[in-house]
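Now for the letters of each chain:
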Amino acid sequence: MSDRHISQHFETLAIHAGNTADPLTGAVVPPIYQVSTYKQDGVGGLRGGYEYSRSANPTRTALEENLAALEGGRRGLAFASGLAAEDCLLRTLLSPGDHVVIPNDAYGGTFRLFAKVVARWGVEWSVADTGDPAAVRAALTPKTKVVWVETPSNPLLGITDIAAVAQVARDAGARLVVDNTFATPYLQQPLSLGADVVVHSLTKYMGGHSDVVGGALITGDAELGEELAFHQNAMGAVAGPFDSWLVLRGTKTLSVRMDRHSENATRIADMLTRHARVTSVLYPGLPDHPGHEVAAKQMRAFGGMVSFRVEGGEEAAVEVCNRAKVFTLGESLGGVESLIEHPGRMTHASAAGSALEVPADLVRLSVGIENVDDLLDDLQQALGK
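The structure presented is a predicted model; accordingly, all values stated were derived computationally and were not measured.

### Re the overall build of the chain
Across its full length, the chain holds 13 helices and 12 strands. Taking 2.2 N^0.38 as the reference for a compact globule, 385 residues should give roughly 21 Å; the C-alpha atoms of the chain span a radius of gyration of 21 Å, in line with that estimate. Dimensions along the principal axes, computed over C-alpha positions, put the chain at roughly 75 × 50 × 35 Å. Relative to its full complement of 385 residues, the chain shows a buried share of 54%. For the chain, the proportion of contacts with a sequence separation of at least 24, taken over those separated by at least 6, is 72%. Of the charged side chains in the chain, 32 are positive and 45 negative, and the gap between their average positions amounts to 3 Å.

Laid out in structure tokens, this is it:
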């Protein structure tokens, strides 16, 4: 990140960091360098350090600089998916015999990676309520190398005090990893609170338009950044140039989108708390949410994700999902359009029978940026007025 970005506000960084005008034409949007290899000026004479697009690509470089600036980090790395980023991170930080503390509420794909892939590599893991620093401390072992946190968590919207858990991890000689996908760097910056690495599914809010799949790692540790970059190149699951360009376009409007996502979600959560068929609303912006005070301390606003439980059990929850019309029934989240899903049968089916199994009567909403009155009307008819 150049010196001209250091003192600028988030909204300015989002538009300008990494987005240098093209030196040949003056184009204000970085080109899509859809290329695999680069002409060298003699053997080893690289232009700008580029030799092969798995190792580096100018469009991906622009995105990586942008991501690092937005999270307040020193190194950003872009991957083909969020899980590709997580896989690279775990194989960089861990060796067979190491131990990881994972949250009792997490994305089903992350749980599957630990339970079905990393465990076969000889890495042990245990579950803790990361909303309770004492519970995290109790889950640590002499072999713990990583504490993994989602805040807000997926899909139960739990909140972890990042600074408190960072201290617990630091005291144990472990690194704290925070999945910041739900909050985005506009609402929350974990590195400033003591996290060692931030993980993103760029597919979600960072891209913001449901038209790209990607992932990212950002760290404030330059040495760790080099290690991650080595593994990124060695393992190869990098973000392509067009995908990088799409996410870079998305980050420019992140702040205005997250403001609207948060405003709409707040209105919807308030309505749901008063609906007769809703037994529980999970949204950190509600004053009675157990993590509300911590969220208010470490977040700018409370985000666009809302989950709720309905009377009548699993079939009733599924029926609500099926009856929605403006909300699209689908997996993923963070796009401009509103989505509704049944986590137990969809995004979190892989956690069934585990400590991370989600309630069968749970419905998850990714609240978009449509007119909020249309969204409210749709949910009310789906629930049955």
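### Some details on helix H2 (residues 58-71)
The terminal C-alpha atoms of H2, which comprises 14 residues, lie 20 Å apart, in line with the 20 Å expected from a rise of 1.5 Å per residue. Among all positions in H2, only Pro 58, Thr 59, Arg 60, Ala 62, Leu 63, Glu 64, Asn 66, Leu 67, Ala 68, Ala 69, Leu 70 and Glu 71 are buried. Its side-chain oxygen 2.9 Å from the backbone nitrogen of Thr 59, Asn 57 forms the N-cap of H2.

### Details of the packing of aromatic side chains
Summed over the entire model, instances satisfying the criterion amount to 5 aromatic pairs. On the numbers, 5.5 Å between centres and 85° between planes, the contact of Phe 114 with Trp 148 is edge-to-face. Of the two residues, Phe 114 sits in helix H4 (residues 108-117) while Trp 148 sits in strand E4 (residues 144-150), which places them 34 residues apart along the sequence. A single burial state applies to Phe 114 and to Trp 148, both of which are buried. For the pair Phe 242 and Trp 245, a centre-to-centre distance of 6.2 Å together with 15° between the ring planes defines the contact as stacked. A residue pair is termed a helical-turn pair when its members lie 3 or 4 positions apart in one helix, as Phe 242 and Trp 245 do in helix H9 (residues 241-252) at 3 residues. Exposure remark for Phe 242: the relative accessible area of 41% places this residue in the partly exposed category. On the basis of relative accessibility, which here comes to 22%, the residue Trp 245 falls in the partly exposed class.

### Overview of the sheet that holds E4
By way of backbone hydrogen bonds, the strands of a sheet pair with one another, either parallel or antiparallel. As summarised here, the arrangement of the 7 strands in space is E1-E7-E6-E5-E4-E2-E3, forming an open sheet in which the pairing is mixed. With one partner strand each, in any of the chains shown, strand E1 (75-79) and strand E3 (124-128) form the two edges of the open sheet. The mean angle between the axes of side-by-side strands here comes to 20°, regardless of whether they run parallel or antiparallel. Alignment of strand E6 (residues 197-201) against strand E7 (residues 215-219), held across 5 bridges, turns out to be antiparallel. In the sheet register, Val 197 faces E7, and the bridge partner there is Thr 219.

### What about the pattern of salt bridges?
Evaluation of the coordinates by the stated rule reveals 14 salt bridges. Of the charged contacts, one joins Arg 75 and Glu 226 as a salt bridge, the two residues approaching to 2.7 Å between their closest N and O atoms. Of this pair, Arg 75 sits in strand E1 while Glu 226 is found in helix H8 (residues 222-235), placing the two residues 151 residues apart along the sequence. Given a relative accessible area of 28%, Arg 75 falls into the partly exposed group. A salt bridge links Arg 345 to Glu 314, with the shortest nitrogen-to-oxygen separation between them at 2.8 Å. Note that Arg 345 is positioned in the loop between strand E11 (339-341) and strand E12 (362-366) and Glu 314 in helix H12 (residues 313-323), a separation of 31 residues in sequence. A single salt-bridge network, built from bridges that share partners, covers Glu 314, Glu 315 and Arg 345.

Rules used in this analysis
- All residue numbers here refer to positions counted from 1 along the written sequence of the relevant chain.
- Note on the predicted model: pLDDT of at least 70 is required for a residue's local features to be given, and 80 or more for side-chain atom pairs to be given and counted; whole-chain, interface and lining totals, by contrast, use all residues.
- Note that water and hydrogens are dropped before the side-chain values are worked out from all heavy atoms of the structure.
- Only runs of H or I of at least four residues qualify as helices and only runs of E of at least two qualify as strands under DSSP, and these elements are numbered from the N terminus.
- In this description the radius of gyration comes from C-alpha coordinates, and the expected globular size is given by 2.2 Å times residues to the power 0.38.
- Burial classes: relative accessible area under 20% of the type maximum marks a residue as buried, over 50% as exposed, and values in between as partly exposed (1.4 Å probe, protein chains only).
- Here a residue-residue contact requires only that any non-hydrogen atoms of the pair lie within 4.5 Å.
- Counted as positive: Lys and Arg. Counted as negative: Asp and Glu, with His and the chain ends omitted from the count.
- For this purpose, a charge sits on NZ of Lys, CZ of Arg, CG of Asp or CD of Glu.
- By this rule the span expected of a helix is its residue count minus one, scaled by 1.5 Å.
- Any N or O atom pair separated by 3.5 Å or less is treated as a polar contact, with the protein-specific requirement of one donor-capable and one acceptor-capable atom, and with residues adjacent in sequence counted only for side-chain atom pairs.
- Note on ring pairs: Phe, Tyr and Trp rings are taken, using the six-membered ring of Trp, and paired if centres are within 6.5 Å. Classes follow the plane angle, with under 30 degrees stacked, over 60 edge-to-face and the rest tilted.
- The pairing criterion is simple: DSSP has to find at least two bridges between the two strands.
- Here an axis means a line fitted to C-alpha atoms, over the contact stretch when the element is a helix, while the angle between two N-to-C directions is reported on a 0 to 180 degree scale.
- Counted as salt bridges are all cases of a side-chain nitrogen of Lys or Arg within 4 Å of a carboxyl oxygen of Asp or Glu.

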